[in-house]
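Here is what each chain is made of, one letter per residue.
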Amino acid sequence: MPAPELLTTPLHALHLELGAKMVPFAGYDMPVNYPGGIIAEHKHCRESAALFDVSHMGQVRLTGTEAAKALESLVPVDVVDLELGKQRYGFFTNSHGGILDDLMITRRENDLLLVVNAACKDADVKHLVTHIGHRCSVQPLPDRALLALQGPKAAAALSRLNAGVAKLSFMSGADFALAGADCFVTRSGYTGEDGFEISVPAAQAEALARALLALPEVKPCGLGARDTLRLEAGLCLYGHDINDTTTPVEAALTWAIQKVRRAGGARAGGYPGANVIDGQLSTGPVNKRVGLVGLERMPVREGAKIVDAHGRALGRVTSGTLAPSVNQPIAMAYLAANHALPNHEVYAEVRGKKLPMRVSPMPFSPHRYFRG
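Residues numbered from 1 in each chain as written. Predicted model: local features only at pLDDT ≥ 70, side-chain atom pairs only at ≥ 80, totals over all residues. Heavy atoms only, no water.

**Student:** I would appreciate a short explanation of the sheet that holds strand β6 (residues 99-107) in the present structure.
**Tutor:** To summarise the sheet geometry, strands pair through backbone hydrogen bonds and adopt either a parallel or an antiparallel arrangement. If you walk across this open sheet you meet the 5 strands as β5-β6-β7-β4-β8, and the pairing is antiparallel. The strands lining the two open edges of the sheet, one partner per strand, are β5 (87-93) and β8 (137-140). Ignoring strand direction, the axes of neighbouring strands in this sheet form an average angle of 30°. (Pairing = 2+ DSSP bridges. Helix = DSSP H or I, 4+ residues; strand = E, 2+ residues; numbered from the N terminus. Axes fitted to C-alpha atoms, helices over the stretch in contact; angles between N-to-C directions.)

Written as structure tokens, this is what we have:
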């Protein structure tokens, strides 16, 4: 059978004009990098302001008086008490406590706005409609694009289009007019840097992107740099570091499960896999996601086996790279909990060699979010 034709975002023609190298990603034709290359783009984001096209991701509105309570039946997150204009990270779970997808949830005046992963968005909408479609309205927003402006100079740059954005703090959002388009902007992102995610009508996305790229601080960045940046920031990539067989406890994401949703809390449980997750919160998981830093220069990639000094299997690498800002090999891996200890030395098997690595706290590169 011929491969299905790749989808494109509203910025596709602009990527080609800018000389992007395009690759298939989650069913879309997406820019992996521009002519300057991944390392230059990565460093530009850490030093200035980088523009990413993330329009392949899914945007979904939930409306109705029951929307927050209904969503809590699918996620182990406090949605009911989420304040107006505030954003929260969460995940859909299955009956085994595994993660079906991770997502961002923002409470707006008349709805909840969800941003979900591109590869999961069709399944997520089906999941929402099937399980809570009778309690609230589930409305996908395919007519909206999503741009991410990230880096220490992102606020100064975006403020030139609308000074009001500077008032936002990390994980908050509001409506703003930008380059003639009615946008919803959150101060959030996937790089560990300060920055913004901008939901914009698809028809106006290219004009907004051009207005941003005309600012002296801003350069375009592709998926390659997005991956190295998020890995340095210790952030999970769905389908790699988390999936439907890893629980939030194993994935070290328990910070995203508020007390009110845990055993003994006012709205404990009531979501798929609650018993498994509460059990692991109480006794600890058998395996755990950890950061690893390489003690030699060779990068360690996804899939590499992690062993102890005697060659006994301990786990495997889920993401890895030679980190441009940290300037050493870094990785995430799931290890047996008794080996997931700070500074514990393990070995990655790469091309018949055993490369020494040390369990390291994450993020590898410090987060620089603007908290106000």
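Read on, since the account is not over.
**Student:** Whenever I open this one, the nonpolar core confuses me. Can you help?
**Tutor:** What tends to happen in soluble globular proteins is that the nonpolar side chains get buried as a cluster. Counting residues in hydrophobic clusters, the biggest one holds 35 residues, and the most contacted among them are F52, V54, Y89, F91, I99, I242 and L253. Of all the secondary-structure elements, those providing two or more residues to this core are β3 (49-53), β5, β6, β9 (144-150), α7 (223-232) and α8 (274-283). With sequence-adjacent residues up to four places away left out, I242 is seen in contact with Y89, I99, D102, C236, L237, A251, L253 and Y334. Among the nonpolar cores identified, the runner-up in size contains 27 residues, and L14, L51, L178 and A181 belong to it. (Core = buried A, V, L, I, M, F, W, Y, C linked by side-chain atoms within 4.5 Å. Buried < 20%, exposed > 50% of the residue type's maximum accessible area, 1.4 Å probe, protein only. Contact = heavy atoms within 4.5 Å.)

**Student:** Teacher, can you tell me more about the pattern of salt bridges here?
**Tutor:** Side chains carrying opposite charge are able to pair once their charged atoms draw close together. Inspection of every chain in the model, using the stated rule, returns 19 salt bridges. For E193, the salt bridge goes to R368, with nearest N and O atoms at 3.0 Å. Highlighted residues: E193 in the loop between β11 (181-186) and β12 (195-201) and R368 in the segment after β19 (353-360), separated in sequence by 175 residues. Given a relative accessible area of 41%, R368 falls into the partly exposed group. Salt-bridge contacts for E345 lead to R358; the nearest nitrogen and oxygen are separated by 3.5 Å. Taken as a pair, E345 in strand β18 (residues 345-350) and R358 in strand β19 lie far apart in primary sequence, 13 residues in all. (Salt bridge = Lys/Arg side-chain N within 4 Å of Asp/Glu carboxyl O.)

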